[in-house]
Amino acid sequence: MTFVVGCHKTYTVDVDAVNELVPPSLKYRVQFVPREIVAGVKREVTYTLPLPKAWNTYGAGAAEPSDKTLEGESWVRVSSSCDSTEPCVAKDWAAEIDQQTRDSGVDVQRDEHGDHRRVVVGTDRVMKGFTVITVSWWRDGATEYHWCDAMLAPPELELAPAFEKACESVAVHQ
């Protein structure tokens, strides 16, 4: 599906592939649609990503269910490693993400390293029963990397494959 915002460039995110991963028992209330989120405090970056239709965006780069009685305390965040007034510099992003993963407070159950991409899935050590999905991506020589985090409360665990695909589908407006 193609998503057009005013006169801006068109960004394509594959919401159909995400919606195919929604379990049949939840399709009546969960439909992913393309949404724009602005992240960053000192330096804004705009992302387009599939999010559940009934979710609200808030703050810098975050979204959550509009009805927490149905969907618990789940949330999604997108961001960049460069959100400061200091000049951002190129780094070994794979090594940086390794360190972030070790320090994340997540008991890692799956850790997939790809070409300029990393997918980590695990359970949060503090919020017991919550699943955490983090997808990170970068380019060689880039001064930043980007990531999408999804924290899924127990009522939403069946949606983990859909949220993982949603995080893998993020488009960065550069």
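Summary of the structure given here. In this convention, every chain numbers its residues from 1, walking through the sequence in written order. Owing to the predicted nature of the model, reporting of local features is limited to residues with pLDDT of at least 70; listing and counting of side-chain atom pairs is limited to 80 or more, with chain, interface and lining totals taken over all residues. With hydrogens and water excluded, all non-hydrogen atoms of the structure serve as input to the side-chain values.

## Some words on helix α3 (residues 93-102)
Working step 1: We call a residue buried when its accessible area falls under 20% of the maximum for its residue type, exposed when it is over 50%, and partly exposed in between, using a 1.4 Å probe and counting protein chains only. Numbering of helices and strands runs from the N terminus; a helix is a DSSP stretch of H or I covering at least four residues, while a strand is a stretch of E covering at least two. Taken together, the buried positions of α3 are W93, I97 and T101. Down the axis of α3, the buried side of the element spans an arc of 80°, and every buried residue falls inside it.
Working step 2: Polar contacts here mean pairs of N or O atoms no more than 3.5 Å apart (in protein, one a potential hydrogen donor and the other a potential acceptor; neighbouring residues in sequence count only if both atoms are side-chain atoms). Capping of α3 at its N-terminal end is provided by D92; its side-chain oxygen lies 3.3 Å from the backbone amide nitrogen of A94. The directions considered for the arc run from the helix axis to the C-beta atoms.

## With respect to the sheet that holds strand β12 (residues 171-173)
Working step 1: The strand order across the open sheet formed by 3 strands is β3-β4-β12, and the pairing between neighbours is antiparallel. Strands with a single pairing partner mark the edges of an open sheet, and in this sheet they are β3 (32-39) and β12. The average undirected angle you get between the axes of adjacent strands in this sheet is 30°.
Working step 2: A pair of strands is labelled paired if DSSP reports no fewer than 2 bridges between them. Two strands pair when backbone bridges link them, and strand β4 (residues 45-52) and β12 are joined in this way by 3 bridges, in the antiparallel orientation. Residue T48 lies in a different strand from β12, and its bridge partner there is A171. An axis is simply a line fitted to the C-alpha atoms; with a helix, the fit covers only the stretch in contact. Between two such axes, the angle follows the N-to-C directions and lies from 0 to 180 degrees.

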